[in-house]
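Below are the chains, spelled out letter by letter.
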Amino acid sequence: MAGDTAYMSGFGNHFATEALEDALPQGMNSPQKCPYGLYAEQLSGSAFTAPNDSNQRSWLYRIRPSVKHHGQYQQIDAGYLQTSPAPFASNLPIGALRWGALPIPEAKTNFIQGLHTISLAGDAQARSGMGCHIYVANDSMQNEDGQDEYFFNADGELLIVPEMGDLQIRTEFGVIDITPAEIAIIPRGVVFQVNLLQNQARGYVCENYGAPFTLPYRGPIGANCLANSRDFLTPHAAFDHTDIDGILKAKWCGNLYQCSIKHSPLDVVAWHGNYAPYKYDLRLFSPIGALLSDHPDPSIFTVLTAPSGTEGTANIDFVIFPERWMVAENTFRPPWYHRNIMSEFMGLIYGKYDAKEEGFVRGGASLHNCMLPHGPDAGAFEKASLTALTPTKLTDTLAFMFETFLPQHITEFAANEAPLHKDYASCWQGLETHFDGTKQGNWK
């Protein structure tokens, strides 16, 4: 792929990049003849008439137009990849759910083949809601004949969260390398290929059917902290110029399709615009917390948000629980017990989660749905209630949450084939009653 792996800093800016000098046309987007004999093509992530602050589009200058990359599509088996709305075969009753880590398959499995849908919300065709997937892979994106495979998703943008194994994501816009503790966003419609940089890979994918992810409104926090825009990195242009047979796969309205191609679709020599893939290092997140007392809401840990049509309510919030200092006095420091209009899908990238130190494992997941109660297990409650409240730093921990205002429905795979913890609710059975109506004050 011509061009180095390099990045441009910023979030939501207008970028301009070229892999060959003077490949970007000057003064107009679509000149009569583009430099180097390239084709001009616009990729729009929003309606043409969207307001300026939400209008997303990029101009691509490529060796062949995209119409040359798309052949006669045929529908193929989507495997464990599902889309909402879908027939939910699970008869599992409502309640808190938790899963162990999915094992790495023995057969050759690439990123797309290894996607397993755990939960679904909303309706992809109505462009509302999300899908929560876990991927397991041991091979780069090639088929059994050794042909390169490429993929694009017309149903939504993809938030990729590695838990094990580094990934190289080769896109139309350039190359993105990510490691656990980093994330990548692939916008709706962008063609990409995932290659493994180690022998095995596992992680999480949030498929966002709705409005694109953006930075959350900071409100009284002001202009700084949380995720800072300068730390989001977009790739420099890089391109393939190869005439080798390959396969292009597409996800469209919940179905999976493929066609044969005779050359690489990653042939963009230059581009400019604000609709592009990007990456972010979660270790750069600057947490905000209580400096004296009381436990703030988890929304202070929001990295990205995909807004719904209701102000202040997210179609999806991507929230992390990183390393941080705990300093609040006379305060129950772990997340408190709560019932929530939002539904929360959680995963663990490394370390231990302070509210579930046992049972919640790396690569595993939990789901606490709309209005169903959850909170610290018995051991975490006892520890947090009795420990001396000196300043303490939580280290070696990184958990995250895909949170949506819609209820999440689990798939048949999640209910019957994934490593579901059938005894998850037992983690709260040890919670004792400390009430004594004859005494005032706190229990001991």
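Above this text sits the structure in question.
Attention in this report is confined to the structure presented alongside it. Note that the structure is a prediction, hence the values are computed from the model and not measured. (Residues numbered from 1 in each chain as written. Predicted model: local features only at pLDDT ≥ 70, side-chain atom pairs only at ≥ 80, totals over all residues. Heavy atoms only, no water.)

**Examining the sheet that holds strand β2 (residues 15–18)**
And then number 1: With respect to topology, four strands assemble into an open sheet ordered β2-β19-β4-β3, the strand pairing being antiparallel. Each having just a single partner strand, β2 and β3 (39–44) make up the two edges of the open sheet. Mean inter-strand twist for the sheet, computed between neighbouring axes without regard to direction, equals 20°.
And then number 2: Sheet topology places β3 next to strand β4 (residues 57–62); six bridges connect them, and they run antiparallel. By the bridge assignment, Ala40 is partnered in β4 with Tyr61. (Pairing = 2+ DSSP bridges. Helix = DSSP H or I, 4+ residues; strand = E, 2+ residues; numbered from the N terminus. Axes fitted to C-alpha atoms, helices over the stretch in contact; angles between N-to-C directions.)

**Digging into the side chain of Ser119**
And then number 1: Examined against the element boundaries, Ser119 turns out to sit in strand β7 (residues 115–123).
And then number 2: A polar side-chain atom of Ser119 sits 2.6 Å from a polar atom in the side chain of Gln408.
And then number 3: The contacts of Ser119, once residues within four sequence positions are left out, are Met130, Gly131, Cys132, Phe345, Leu367, Gln408, His409, Ile410 and Thr411. (Polar contact = N/O pair within 3.5 Å; in protein donor to acceptor, adjacent residues only side chain to side chain. Contact = heavy atoms within 4.5 Å.)

**A few points about the sheet that holds strand β22 (residues 314–321)**
And then number 1: In spatial order, the strands read β6-β25-β24-β27-β22-β21; together these six strands make up an open sheet with antiparallel pairing. Pairing within the sheet leaves two strands with one partner each, and these edge strands are β6 (97–99) and β21 (302–307). Neighbour to neighbour, the strand axes of the sheet diverge by 15° on average, direction disregarded.
And then number 2: Across eight bridges, strand β24 (residues 343–351) lies against strand β27 (residues 397–404) in antiparallel orientation. The residue bridging Gly351 from the neighbouring strand is Thr397, located in β27.

**Remarks on unusual backbone geometry**
And then number 1: Cis geometry is found at the peptide bond from Ser84 to Pro85, where omega equals 0°.
And then number 2: Residue position: Pro85 is located in the loop between β5 (74–76) and β6.
And then number 3: The phi angle at Arg127 is positive, at roughly 55°, despite the residue not being glycine.
And then number 4: Within the element layout of this structure, Arg127 appears in the loop between β7 and β8 (128–137).

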